[in-house]
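The residues making up each chain are set out below.
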Amino acid sequence: MRMITFFLIGLTVHVVFFLSIFDIYFTSPLVHGMMPQSTPLAPPASRLVLVVADGLRADSLFTLLPNGSSRTPYLRSIIEDTGTWGVSHTRVPTESRPGHVALIAGFYEDVSAVAKGWKENPVEFDSVFNESRHTWCWGSPDILPMFAKGASGDHVYTHTYPAQEEDFASTDASRLDTWVFTQVKSFFQSAKSNSTLKASLLEDKNIFFLHLLGIDTNGHAHRPMSQEYLDNIALVDTGVAELVSMVEDFFGNDGRTAYVFTADHGMTNWGSHGAGHPSETLTPLVVWGAGVHNAQKVTEPQPYNDGYLQDWKLEHLRRVDVNQADIAPLMASLIGVPIPVNSVGVLPLLYLNNSGQFKAESMYTNAIQVLEQFKMKMSQKKETTLSFLFTPYQLLTESKQAEFTRKARILIQLEKYDDAISLCQSLISYSLEGLVYYHTYDRFFLGCSVVLGFIGWTSYVVLVILKTHASLNRHPNLTKQNPNRNLARLCMCVAVVITAFLLIQRSPITYYIYCLLPVPVWYSVLKESGTLTDLIRSAPSLPLWKCFCYFVLVAFGIELLVVSFFHRAMLTVGLAVLSLWPLLSGLYHKAKFRSLSWFLGCLCLAGFPLMPVVGREPNLNLVTCAGLLTLFTSACYLWSSRQRTPLHPSDRQQFVTQMLHVAVCAYVPSLTHSSLQQKQGLPLLNQIISWSTLVSSILVPLLSSTRLFHRLLSIFLSLTSTYLLLSTG
């Protein structure tokens, strides 16, 4: 009973420590209560068309074909003649939802959304769509609803296809993009005969958003170098050309439409995204139309050393890179709507073709909008911190805020626009740094509390193990000593002080748990001080050199595992050292064959961390070899164990069944790969085998014999079946 209690307490402590990660690192950066800020001057555009090609890499769009032509002739002509282009730099996680939030709302995804799988809004936020007069959207049901849900009012209209259409195993994912373009054409055709809809379309501050998922889906299914992926890009280029022609015709070529073409994220060569590889974080950005600079010829070297300009044959045209969140204030500036209140983007002025006054006023609006977030964040933190403990962000105190805004207004009035822009950019930079400062204000305090609690719990576990399992020299007086009442009183006083401190600061309830948990933990540690005294008394009789060697080995192993997260080759080093264990322990002289098997097995395993994790072409032979090797190893073990102890018929039947299951699972990936290559979708039989294997791998080992090696063999066969199926990309 005591062991169960100890286990439950340990589980509770570790769950609390795990949940503390979310309060320390995964809290929402968003603040609310700011007033929207907009530029007082007339905008250059009345409407904006935003086209997001999901999963489109920058190099896939900009790189020319071997014959010197472009697979996207329309967008290439925009880049070379009538628009401004650059690379939009995304941030991790390079997923669809975070990318669209950065593009349309101007901030990098609320990390607490990870708890909801990046699908829902954990905290409501403002967006360019919300600030527009009307927004019409076409595309994926995974992306569009979150912006309609977060909008105030009912002016964001979404048109989505069924979620079932988003199938990586489909015959042709480009039909998703064809559906979007077809729906947009039908929309404008119907508007010609619908006076109410036409009147809404002719108003200003409207946005049309096209989310094109086909490229991303084809990239996952066939990889970005495939013909399917590249053909889909060409289809999108043709669709954009027809879209622009149709929009311009509908609005009578009034020159009041701005266009933004970009992507939410890129994709690796092996068809994945989510991490920080350049192929995932570099996305194309092409902007043209009302209020946007035409292509600017340059003769001098540009400030980019990545070599892409030469690779893309665009070194003669000005390239303007942005952070992904900068696109939101750019769109807001073009159509004259307030910048989203949660935006941390900085207006990229080189895209704007407007007067110096308009640029200065727009940048001033951007600076005030970011400063309002900083002021709200500072106010919230000040309210929940004791005045004598509050440490303001020194670079942007209240007096410095007033000085910045006053100087900027004076410079604009004196028509010193470049100086005003420079000052506003400095104010934005300080405000963004201040936002991070106040967002992480409690991080050190919480981190110290959690670390203190974790060290205390580890110490307590070590003392319990020593007390119950170590042969220590017990001091007769200490073993019978009652818990120190003064210690209990001291811990109670500490708990009361911590509680009062947190109450005064109006801290969240979770802060009480993280800060108070170390108190009972350390009380338990100090209560076991007798065990520590026994350990010190027993130290002279312990083999200290042997203990030190074990400690060094354990520390080396733990450090090796940590370093392997960053350098996988360190696992090879660890396995190579582990292969020498029979020699170092003297086991080799007692069991030479098993020691040699251990040595060769470790060395074979040591080669795998040196191989590439992802990015290889499909190799079904490796999967088949893994299945055959599993069957051979299992058969050898069963044969050798039969010589010593005959298997029970039921155990033999179970092992034979599991081995047959492994053989089937080794064949399933080959069948799946063939079906996907022929674009026939995923066979129903494969799905049934896969799901039933996943469930049975947990339950079947429980039916095997309780003899150690028999149970281990059953677990091995069950896990191998699952891993063979997981080898399917």
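Residues numbered from 1 in each chain as written. Predicted model: local features only at pLDDT ≥ 70, side-chain atom pairs only at ≥ 80, totals over all residues. Heavy atoms only, no water.

Q: Could you give an account of empty space enclosed by the protein, with specific residues and numbers?
A: Tallying each qualifying case throughout the model produces two cavities of 30 Å³ or more. Looking at the largest cavity, its volume works out to about 80 Å³. Along the walls of the largest cavity sit 15 residues, with Thr39, Ala332, Ser333, Val337 and Ser362 positioned nearest its centre. Contributions of two or more residues to the lining of the largest cavity are made by helix H13 (327–335) and helix H14 (356–383). Looking at the lining of the largest cavity residue by residue, the classes come out as eight nonpolar, seven polar and no charged. Space inside the second largest cavity adds up to approximately 30 Å³. Ile79, Gly83, Thr84, Trp85, Asn294, Ala295, Gln296, Leu317 and Arg318 together form the lining of the second largest cavity. Element by element, the count of residues in the lining of the second largest cavity is highest for strand S2 (residues 83–89), at three residues. (1 Å grid on protein atoms, 1.4 Å probe; cavity = no way out; pocket = protein on both sides within 12 Å on 5 of 7 lines; lining within 4 Å. Points joined across faces, edges and corners; volume = space filled by probe spheres on them. Helix = DSSP H or I, 4+ residues; strand = E, 2+ residues; numbered from the N terminus. Nonpolar A, V, L, I, M, F, W, Y, C, P; charged D, E, K, R; others polar.)

Q: Report on the sheet that holds strand S8 (residues 322–323), specifying residues and quantitative values.
A: Ordered by their spatial adjacency, eight strands build an open sheet running S4-S3-S5-S1-S6-S7-S2-S8, and the pairing between neighbours is mixed. The open sheet has two edge strands, strand S4 (156–160) and S8, and neither has a second partner. Pairing of strand S1 (residues 47–53) with strand S6 (residues 257–262), which is carried by six bridges, proceeds in the parallel orientation. Looking at the pairing, Val49 lines up with Tyr259 of S6. Here helix H3 (residues 73–82) sits on the sheet in contact with S2, S6 and strand S7 (282–289), set at roughly 65° to S7. (Pairing = 2+ DSSP bridges. Contact = heavy atoms within 4.5 Å. Axes fitted to C-alpha atoms, helices over the stretch in contact; angles between N-to-C directions.)

Q: Account for the nonpolar core, with residues named and values stated.
A: Leu48, Leu50 and Phe129 are the most contacted members of the largest nonpolar core, which has 69 residues in total. Counting residues per element, this core draws most heavily on H14, at ten residues. If near-sequence neighbours (up to four positions away) are discounted, Leu50 is found in contact with Ile104, Phe129, Phe208, Phe209, Leu210, Val260, Thr262 and Met331. By size, the runner-up hydrophobic cluster in this structure holds 52 residues, among which are Ala53, Ile79, Phe181 and Tyr259. (Core = buried A, V, L, I, M, F, W, Y, C linked by side-chain atoms within 4.5 Å. Buried < 20%, exposed > 50% of the residue type's maximum accessible area, 1.4 Å probe, protein only.)

Q: Lay out the packing of H14 against helix H15 (residues 398–413) with the relevant residues and their values.
A: At a minimum axis distance of 12 Å, the contact between H14 and H15 shows a crossing angle of 170°. Judged by the angle between their axes, H14 and H15 are roughly antiparallel. Residues Ala360, Glu361, Tyr364, Ile368, Leu371, Phe374, Lys375, Met378 and Lys382 of H14 form the contact with H15, whose own contacting residues are Glu398, Gln401, Thr405, Ala408, Arg409 and Ile412. Residue classes in the contact of H14 with H15 are distributed as eight nonpolar, two polar and five charged. (Parallel < 35°, antiparallel > 145°, perpendicular 65-115°, else oblique.)

Q: Residue-level account of helix H10 (residues 227–250), with values.
A: The first and last C-alpha atoms of H10 sit 34 Å apart over 24 residues, in line with the 34 Å expected at 1.5 Å per residue. At the C-terminal side of H10, Gly252 shows a positive phi close to 65°. (Expected span 1.5 Å × (residues − 1).)

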